[in-house]
Every structure is written in structure tokens, then in C-alpha cells.
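Analysis of the macromolecular model
Listed below, chain by chain, are the residues.
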Amino acid sequence: MNSTVLFRRGRVIDPRNGVDGVRDVLVRDGKVAEVSDAPLPVPPGAEVVEAEGRWVLPGFIDLHVHLREPGEEGKETVLTGCRAAVAGGFTAVVAMPNTKVVNDSGLVTELVLSRARAAGLCHVYPAGAITKGLKGEELAETGELVSSGCVAITDDGRPVMNAALMRRALQYATLFGVPVMVHEEDLTLSAGGAMHEGVTSTRLGLRGIPASAEVAMVARDLVLLEETKGRLHIAHVSCEGSVRLIREAKRRGLLVTAEATPHHVILDDRAVGDYDTHAKMAPPLRADRDVEALRDALVDGTVDAIATDHAPHGVLDKQVEFEKGINGIVGLETALGLTLELVHSGLLGANRAVELLTHGPAKAFGLPGGHLAPGAPADITVVDPSEEWTVDAHRFYSRSRNTPFHGRKQKGRVVQTWVSGRKVFSDGQVKESR
Amino acid sequence: MRHLLGIEGWRRDELEAVLDRARAHLPGGPDVTHTLRGKVVANLFFEDSTRTRTSFHMAARGLGAGVLNWSPSGSSTSKGETLLDTARNIEATGPVAIVMRHRSSGAPHLVAKHVRCAVINAGDGTHEHPSQALLDAFTLRQHWGGLDGRTVLIVGDILHSRVARSNLWCLKALGARVVFCGPPTLVPPGLESLGAEVTHNLDAVLPHADAVMCLRLQMERMGEAFLPSTKEYSRLFGLTPAREERMKAGALVMHPGPINRGLELAPSVADGPRSVILEQVSNGVAVRRAILEVCAS
């Protein structure tokens, strides 16, 4: 394997370092060595990537991924999830702790990390649980989780309903500097709900989940954040009201960050159509005005990161009555194409789109990477911005196929993914080191 | 073959064709026709039902079909069989139509995607109850000739009512004006954008209605804090004798059944001269014969 790689004449978009133009990028020993306006000479023995007409980007970082291991390996494993990640251009993922053995201890964190090392494809950063067993009753040992390698704590999939406990989690986490990531859902307001409450839920006769189920919790946690001087990250924001509150909190200088999923900025509640369980998720797909507010939030920085909430499920979890359908869809292999839809339609600049997939998430969680200055890890994603293709769920590297985007036409595709200077995905193939 | 999953999406002429056809099946017409002779209609009722189940049974028999009656108690559903497996197994016995009732909205849509025979929705969750709306429209047509320009007031728990949704689409398509009335906690959002009018003041709207349809109030709604008490509901939204007196001359009273007598509807009104409740039931068989003919043959 070459330790020296030269990416020639690609359009380098590196929002953190203010770069957007044709450059040569030289990689040596797993790090970015040089980024040059002028063509660089090919060092002896270097692998050359001809990138003319392509985008050479910092590797994407996904703050919100369910790898399902340990416990639900039939849906996904760390290995298959990492394959899906690099196929989608992601060089780092944050693994949620709501596995069937909950990641609320150093032991589980270490297991996930050792599986990730064995996969050898991309960086995996585990997130630990806020509360033991995700039960919302007692704090998990944040210190042990962080020293074992967790980069955030979250009870994702569930809210922390107990406000006093949430307040203490925010306070306690300041000891370790990790963000507290929250799934905002007041369970008394969402109870029994299957989709967003609006005209479509009325038409379909499905119990609605009002926007207030999310917005009220965002409001509560921003108040707690201000009191505790903690660090809060709001997962999968879906509502206009949440956007407004987060924007205001940021303006006032609170340490809050937020992510949005591609599906919440592309689809609205009408995607439920004829009771399509592939359009069932938590939070639910919202109304068109919420989608518009989220798009504005991507542009103006209220939302820091695009995160997929990659949630693999089996066929039987979805081929059921709508009310019984399990929440969530896979997202790693469709994230770029969907994000580029916003770029092609002029709603989002290419630069900002890249920032939302790279520096934005890196900064939110304090992760390495997300940019291409000399010395940065050589995590690089090469994109052909004009390639047209059709999403085919049967060809996903993920072990699961639960997506509402099967058959959707996309423009722009990942052609290569490099992690620490090693080519892990190229021309549709994942390159495992073994 | 055609599914009847909901009234939504059916055009006026299609609905009128079913209603016209139903007229031929009224008492006085042939007792048994042979449209479905030698065929089987499967009744899949995952939820309890007296009226609808019996009515579809009689309709199928009246067309010469055999009826396979299936219910979840004593079946493999209690052993954890999925809805799709149950439906596919029933389909494998060769029915021309599956008539199904299920507690989940959209359940017949799921089945329809996976079987080849016709699927007729006999009530799915809080979504639709198409045959009820058709028999309601049929009954109104018998009295009025046509529905154009008429105002139908639907009172009660609109949020959880599949009858309300099917009637909205059906009555609108046939030219009527639909007004919903109920407590704000039991009226779902967005009905206006679906073409209905909404009010919470029964007394204000009552004198303008050509027909009043009272919906059944389910007792568990009290426990879920949709309402404080049946007494208060009855006082605000019940069709009492005093309210009946303020109805238009000739205006009709309807109820899809079963009735909570004295709660949403006073006994004297339910049994009074305006009531067409039993006509609704007897028209049900004729209308369901027509539905089976249109869908299954």
C-alpha cells in the first residue's frame, strides 16, 4: 500500500480552512501533507488520483448512527455499518448506545471499539448512555464511558423525561467536556402517535404526534442548559418551533448544537402516502413549513450538522400495520445524494453542504478531521458531482434495506473514500484490509 | 376486480353507480341473484362487529356466494401469526374477496398490496368505513332524491371516527355540505382543508342541518382525558328532545350504531319520526351486495 497519494486537480472544498477551488492534495503517512494551487510534482512511488471534474472533500462525519452491535446483529454489525459508512463517503461515525446490551459501561464501549478496529474501515466513536440501561432513572458512569472512548452521552431513541435527572446529567457531564445529546420527545404528548399530527394524520386516521412533543422538550432543555452551563446537542431536529428556540439560544451564547437528518429536510408527512412504514420514524416526518424552517436552519447555521440517524431494521419490522411498524430508516448510503438535492435546487451552497457533513459535526463533538489542512488526518471523500444514479436498496452495504428512497434518482455520487490515507472505498467496492 | 379501501379517491359517478346498483337489491327485488354463485367471500373480522359482519354475510349469501367466517379468537392470530400471513393463508383458500375489519388504520391497504383478490374495507381503525358511508348516502338519497345542496351535520367524536371520514368523502362527492361538530379535543386538525366545515357550537348549527348524524361516544375517551364526563358531553353535544325540536322540518336523524341511548342520542329521538336508523341497517345489505358485485365480479 502506498503511503503517499496525490489527488490531482480536483475541486477542493474545505469550509473550515476557507478553501474552494482546484487544488492538488498530497497525502503522506496518513496525514494531509500539502494543499497546493499549483500542480505538484508526483513524488516517486506515489499513487495518483486524477480528480479533475470531481470534488475532493474532507471525509464526512455522521454524529448519529445505529450500528446495532451488540445484540441485533441481524440488522447491522459494526462491520456492515462501517461498510455502509465508507460507501456513503463517511470516514467517521458516532455509534448510538441503544444496542440490545446498552452501552452504559466501559466494557460495551470497548467491545464496539474493538469491533471497529477489526473492521478497519472508518473511525467509530461510541456514544455512551446518559442513564443506566437507558431507563431514565440513574446516571450511567459518564467518567468510565469517556475514559473508555465515548465522545458524547445520550439516551437516544428515548427522551430523558425526568427534568431533575436531565439537569444533573448536564451538570455532571461538564466534568468531562462531552456534549449531552438528546432525543426530544415528551412521551405524554407523543403517546400512541404514529405520525406527525396534521392534515395527513387526520386523513389517514392515524394518531398524531404534535410538534409540541418535541418543542416543549427543547424549551425545557435549553432552560436547563442555561442554568447548568453545560453542553447540549439536540438530535434530529424536526420542527419549526425547535429551530426558533435553538436559533435564539445560540444568539444568546448557549453551548447548544443541533443536527438534522436528510429525510427530515427532504420529505414531509405526506410521504406516509398509503401507510408506508418506510416513512415512519421518531421524530416523525413533519409538515412542509417545518421542512422549510429546517432548510433555513441548515443555511443560517442554526443546525450544525447533517446526521443520518441510520437506523437499520429487518423486513418484518416494517411489513406490518402502520401503528406496529418500527421507527427509523437507514441513511448512510443516501445522505450525500439527498443533501446534493438541496444544492442542485439552489437551496444550499455546495460549500455549506460540505460543511454540514464535515467541519460542522467535527466541531459540534470536538472530533478530529472534518478539514484538510496540512497535518489533518487524511480522511478524504472524492465525489463525482454530476454522476446520475438511482438508489437501489438491494445493493446497500448495510445489512438492512429500510429506506423510503429506493428508486429515487440522484445526481452526485461518492467515488472514493480514504481513511487515514488508506483507500477504503473505490468504484463501488469496499476495500477491506484483510 | 377492484379494492374498496376507502371512499377517498372515488369519483361521483363511481359512487352513484354503486348506489344505483344497490336499488335493484332492495326488498322486493330478487331474493338471491347468482352474480357470485360458486364463489367464496372471506369475512376477516379482527375486531368485534355485529351489524357490518352480519350485513356482509347476508349480502354475500344473497349473491349466491359461500362465506368463510374468520375471527381472531381460536385462530393463529392468538399464536402470534402476522396479519400478512393470516391474509395470505385465507387468500390461498381461494376467495374472490376479503372483507376485513381491523383495529389498525391502513391494515387493509397492507393486505391489498400482497393479495390478488379484492379487499373490501369493513372498517380500519380510525380511518374509513366505506360501506357505512355508502349506505348512509343511499338512505339519504331515498329520502331526498339527491344530496346536492343538502347540509349533513356529523356530531361527536370526529377524531376517532372512521364513519366520519368516509362520510366526509362520500357526502362531499355527492354534492352535500358536511359540517362536523364536537368538543375541540375530539376534532382532528385540518378538516377544513379536506373540504368540511367545523364548529363546536351544536345549538348554532343545528337549525341549518338537513340531517344530523350522531356518532357513538366511546367510554374509554374519559380515561384518556378527552372529556371530563359523559354527563357534560351529553349536555353539550347530545341530541336531546329539546334540541330535536329546533331541527328543520323534515330533517333526519341518523346513527351508525351501536347507540349509547341517552348519551349522544335521546331514546325518544332515536325512535322518533325523524329517525332513519333502522332504514340504515336494512339498506346496508342491499348496498353491500352492490359493493361485492362491483368489487368481486
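Residues numbered from 1 in each chain as written. Chains lettered and ligands numbered in written order. Predicted model: local features only at pLDDT ≥ 70, side-chain atom pairs only at ≥ 80, totals over all residues.

In terms of helices and strands, chain A carries 14 helices and 19 strands. Computed over the C-alpha atoms, the radius of gyration of chain A is 21 Å, within 12% of the 22 Å expected from 2.2 N^0.38 for a compact globule of 434 residues. Across the 434 residues in chain A, those meeting the buried criterion constitute 59%. In chain A, 75% of the contacts between residues at least 6 apart in sequence involve partners at least 24 apart. (Helix = DSSP H or I, 4+ residues; strand = E, 2+ residues; numbered from the N terminus. Rg over C-alpha atoms; globule rule 2.2 N^0.38 Å. Buried ≥ 20, exposed ≤ 12 C-beta atoms within 10 Å, placed from the backbone. Contact = placed C-beta atoms within 7 Å.)

On to the overall build of chain B, then. Secondary structure assignment for chain B yields twelve helices and nine strands. Relative to its full complement of 297 residues, chain B shows a buried share of 48%. In chain B, of all internal contacts separated by at least 6 residues, the share reaching a separation of at least 24 is 76%.

Counting residues in hydrophobic clusters, the biggest one holds 230 residues, and the most contacted among them are Cys122(A), Ile153(A), Ile98(B) and Val212(B). In terms of residues, this core owes the most to one element, helix H12 (residues 277–296) of chain B, which gives nine residues. Apart from the residues lying within four places of it in its own chain, the contact partners of Val212(B) are Leu153(B), Val155(B), Leu239(B), Met247(B), Ala251(B) and Val253(B). (Core = buried A, V, L, I, M, F, W, Y, C linked by C-beta atoms within 7 Å.)

What follows concerns the confidence of the model for chain B. It should be kept in mind that the predicted coordinates are not to be read in detail where pLDDT is low. Chain-level statistics for chain B give a pLDDT mean of 95 and a share of 100% at 70 or above. Interface confidence for the predicted complex, given as ipTM, is 0.95, next to a pTM of 0.95. (pLDDT = per-residue confidence, 0-100.)

Across the contact, 21 residues belong to chain B and 16 residues belong to chain A. Counting only elements with at least two residues in the side of chain B that touches chain A, the list comes to helix H3 (83–92), helix H4 (107–114) and helix H6 (162–173) of chain B. Top element by residues in the side of chain B that touches chain A is H4(B). It accounts for three residues.

All names here are of chain A. Domain parsing of chain A yields domain 1 (4–56 + 376–430) and domain 2 (60–365). For the side of domain 1 that touches domain 2, the elements supplying multiple residues, two or more each, are strand S16 (380–390), strand S17 (409–419) and strand S18 (422–426). By residue number, the principal contributor to the side of domain 1 that touches domain 2 is S17, which donates seven residues. Grouping the amino acids of the side of domain 1 that touches domain 2 by side-chain chemistry returns 13 nonpolar, eight polar and six charged. (Domains from an automatic or database assignment. Nonpolar A, V, L, I, M, F, W, Y, C, P; charged D, E, K, R; others polar.)

All names here are of chain B. Closest axis-to-axis distance for the helix H5 (residues 130–144)/H12 pair is 8 Å, and the angle between their directions is 115 degrees. Crossing hand, H5 versus H12: right-handed. Contacts from Ser131, Leu134, Leu135, Asp136, Phe138 and Thr139 in H5 reach Glu279, Gln280, Asn283, Gly284, Val287, Arg288 and Ile291 in H12. Per-class residue counts for the contact of H5 with H12 are five nonpolar, five polar and three charged. (Axes fitted to C-alpha atoms, helices over the stretch in contact; angles between N-to-C directions. Left-handed = near helix turned anticlockwise from the far one by under 90°.)

With that settled, consider the domain arrangement of chain B. It is common to report an interface's size as the accessible area lost on association of the parts. Residues and elements named next belong to chain B. When cut into domains, chain B gives domain 1 (12–128 + 284–296) and domain 2 (130–280). Each of domain 1 and domain 2 has a C-alpha centre, and the two are 26 Å apart. Listed as interface residues are 19 residues of domain 1 and, on the opposing side, 17 residues of domain 2. Contributions of two or more residues to the side of domain 1 that touches domain 2 are made by helix H1 (12–23), helix H2 (51–62), strand S4 (118–124) and H12. No other element matches the five residues that H1 contributes to the side of domain 1 that touches domain 2. Here the residues of the side of domain 1 that touches domain 2 are counted per class, giving seven nonpolar, seven polar and five charged.

All names here are of chain B. Within the secondary structure, Val163 sits in helix H6. A residue is classified by how many C-beta atoms lie within 10 Å of it, and Val163, with 26 of them, is buried. For Val163, the contacting residues outside a window of four places in its chain are His129, Gln132, Leu215 and Pro256.

Quick look at the sheet that holds strand S1 (residues 40–45) of chain B now. Residue and element names in this part refer to chain B. Spatially, four strands are ordered S2-S1-S3-S4 in an open sheet, and the strand pairing comes out parallel. Two strands lie at the open edges of the sheet, namely strand S2 (66–70) and S4, each paired on one side alone. Neighbour to neighbour, the strand axes of the sheet diverge by 15 degrees on average, direction disregarded. Sheet strands in contact with H3 are S1, S2 and strand S3 (97–102), and its direction is about 155 degrees off that of S3. (Pairing = 2+ DSSP bridges.)

This part covers the pairing of S4(B). The element S4(B) is largely enclosed, with a buried count of seven among its seven residues. In this fold, the crossover linking S3(B) to S4(B) by way of H4(B) has right-handed handedness. (Right-handed = clockwise from strand over helix to strand, strands pointing away.)

A word on the sheet that holds strand S9 (residues 252–254) of chain B. Residue and element names in this part refer to chain B. An order of S7-S6-S5-S8-S9 is seen for the five strands of this open sheet, with the pairing classed as parallel. Strands with a single pairing partner mark the edges of an open sheet, and in this sheet they are strand S7 (197–199) and S9. Pairs of neighbouring strands in the sheet enclose a mean axial angle of 20 degrees, with direction left out of account. Relative to strand S6 (residues 177–181), H6 is tilted by about 155 degrees, and along the sheet it contacts strand S5 (151–155), S6 and strand S8 (211–214).

Attention shifts here to H3(B). All names here are of chain B. Leu83, Ala87 and Ile90 are the residues of H3 that are buried. Looking down the long axis of H3, one finds its buried residues gathered within 65 degrees of arc, a one-sided arrangement. Packed against the buried residues of H3 are S1, S2, S3 and H4. Trailing H3 by a residue or two, Gly94 shows a phi angle of about 90 degrees, which is positive. (Arc of directions from axis to C-beta.)

Residues and elements named next belong to chain A. Spanning twelve residues, helix H8 (residues 240–251) covers 17 Å between terminal C-alpha atoms, matching the ideal 16 Å at 1.5 Å per step. Residues of H8 that are buried include every one of Glu240, Ser242, Val243, Leu245, Ile246 and Ala249, and no others. Downstream of H8 by one or two residues, Gly253 has phi in the positive range, about 90 degrees. (Expected span 1.5 Å × (residues − 1).)

So, about the pairing of S3(B). Residues and elements named next belong to chain B. Of all six residues in S3, six are buried, a share of seventy percent or more. Here S1 runs beside S3; their pairing, made up of five bridges, is parallel. If you follow Asn43 over to S3, its bridge partner there is Val99. Across five bridges, the pairing between S3 and S4 is parallel. What sits directly across from Ile98, in S4, is Val119.

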